[in-house]
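A closer look at the structure
Here is how the chains run, residue by residue.
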Amino acid sequence: MGLTRRARDVGVAMAILALTALVVVRVSGETGETITGAARAADGDTLTLDGHRIRLVGIDTPELTQVCKRDGADWRCGVAARSRLAELLRGGTITCRTEGTDKYNRWLARCETPEGDLGRRMVREGLAVAYGGYEEEERFARAERKGLWGAEFDMPQQWRRTHGRPQEDAHDAEPGVLGGILGTLGLL
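One structure accompanies this document, and this report is about it. As a convention, each chain's residues are numbered from 1 in the sequence order in which they are written. Per-residue local features are limited, in this predicted model, to residues with pLDDT of at least 70; the limit for side-chain atom pairs, both in listing and counting, is 80 or more; totals at the level of whole chains, interfaces and linings are taken over all residues. Computation of side-chain values covers all heavy atoms of the structure but excludes hydrogens and water.

**Describing the environment of Arg 106**
Threshold: Helix and strand assignments follow DSSP, with helices taken as H or I runs no shorter than four residues and strands as E runs no shorter than two, numbered in order from the N terminus. Type-normalised accessible area, obtained with a 1.4 Å probe on protein chains alone, sets the label of each residue: buried when under 20%, exposed when over 50%, and partly exposed for intermediate values. Polar contact criterion, stated in full: a pair of N or O atoms within 3.5 Å, where within protein one must be able to donate a hydrogen and the other to accept it, and residues adjacent in sequence count only if both atoms are side-chain atoms.
In this structure, Arg 106 sits in the loop between strand S8 (94–101) and strand S9 (107–113). Judged by its relative accessible area of 9%, Arg 106 falls in the buried class. It is 5.4 Å that separates the C-alpha atoms of Arg 106 and Ile 54, two residues lying 52 residues apart in sequence. Among the polar contacts listed, one links the side chain of Arg 106 to the side chain of Asp 102, at a separation of 2.7 Å.

Below, the structure written as structure tokens:
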């Protein structure tokens with residue numbers, strides 16, 4: 001009986017240590033990969049870097065075929081967003097810090113050039129809307145009527161819904177193995 005109790009106590013102690021280690025990893029903020037190099041724009045919020053498709057976290061841009069109205073005339077706002085991102089990407093080496101993947105298996109990341117954060121720039125210039133980040137930049141763009149905020153447009157989510165396009169979910173990374181365990185334990 002003493003051996004069974006001792007084995008149980010050792011098992012409980014090991015489980016507590018393992019759980020503590022998982023909590024420490026979670027609290028310390030698991031970070032993903034960092035990728036650096038030249039990139040090209042796929043659309044206004046997606047780029048390709050080192051063979052990986054990367055979705056910029058915290059922003060949403062008009063779809064490439066989306067048309068907005070500016071001063072009563074059609075404005076190809078989706079193309080404008082991609083063109084601006086492409087221009088920003090030509091500014092030098094791009095560094096992306098991944099935060100996981102989305103349901104399309106694209107990496108979700110915050111990316112920057114030597115001039116700063118790409119998502120922040122796109123939202124501040126009014127060519128992207130805040131989508132889980134950059135709310136202050138969006139307030140600035142709205143107040144200054146920059147880009148989309150000086151035009152008539154449907155929010156990208158609404159436009160996709162009315163045009164039968166796949167919806168973008170909020171930029172929550174897929175949890176992965178550790179995230180799945182922590183979620184099951186109620187620690188996420």
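**A closer look at the state of the cysteines**
Condition: In this description, a disulfide is simply a cysteine sulfur pair whose atoms lie within 2.5 Å.
Inspection of every chain in the model, using the stated rule, returns two disulfides. Between the sulfur of Cys 96 and that of Cys 111 lies a disulfide, 2.1 Å long from S to S. With the S-S dihedral at roughly 115°, the linkage between Cys 96 and Cys 111 falls on the right-handed side. Here Cys 96, found in strand S8, pairs with Cys 111, found in strand S9; they are 15 residues apart in sequence, far enough to count as distant. Taken in N- to C-terminal order, the disulfide-linked cysteines of the protein chain are connected 1-2, 3-4.

**With respect to helix H4 (residues 135–144)**
We count it as follows: The directions from the helix axis to the C-beta atoms form the arc being described. Note on contacts: a residue pair qualifies if any of its non-hydrogen atoms lie within 4.5 Å across the two residues.
Every buried residue of H4 is listed here: Glu 137, Glu 138 and Ala 141. The buried residues of H4 occupy one face: seen down the axis, they fall within an arc of 100°. Residues Glu 136 and Ala 143 are exposed on H4 and point more than 90 degrees away from its buried face. Looking at the buried side of H4, the elements it contacts are helix H3 (118–124) and strand S11 (129–130). Positive backbone phi, approximately 55°, marks Arg 145, located one or two places after H4.

Remember that the coordinates give geometry; whether it matters functionally is a separate question.
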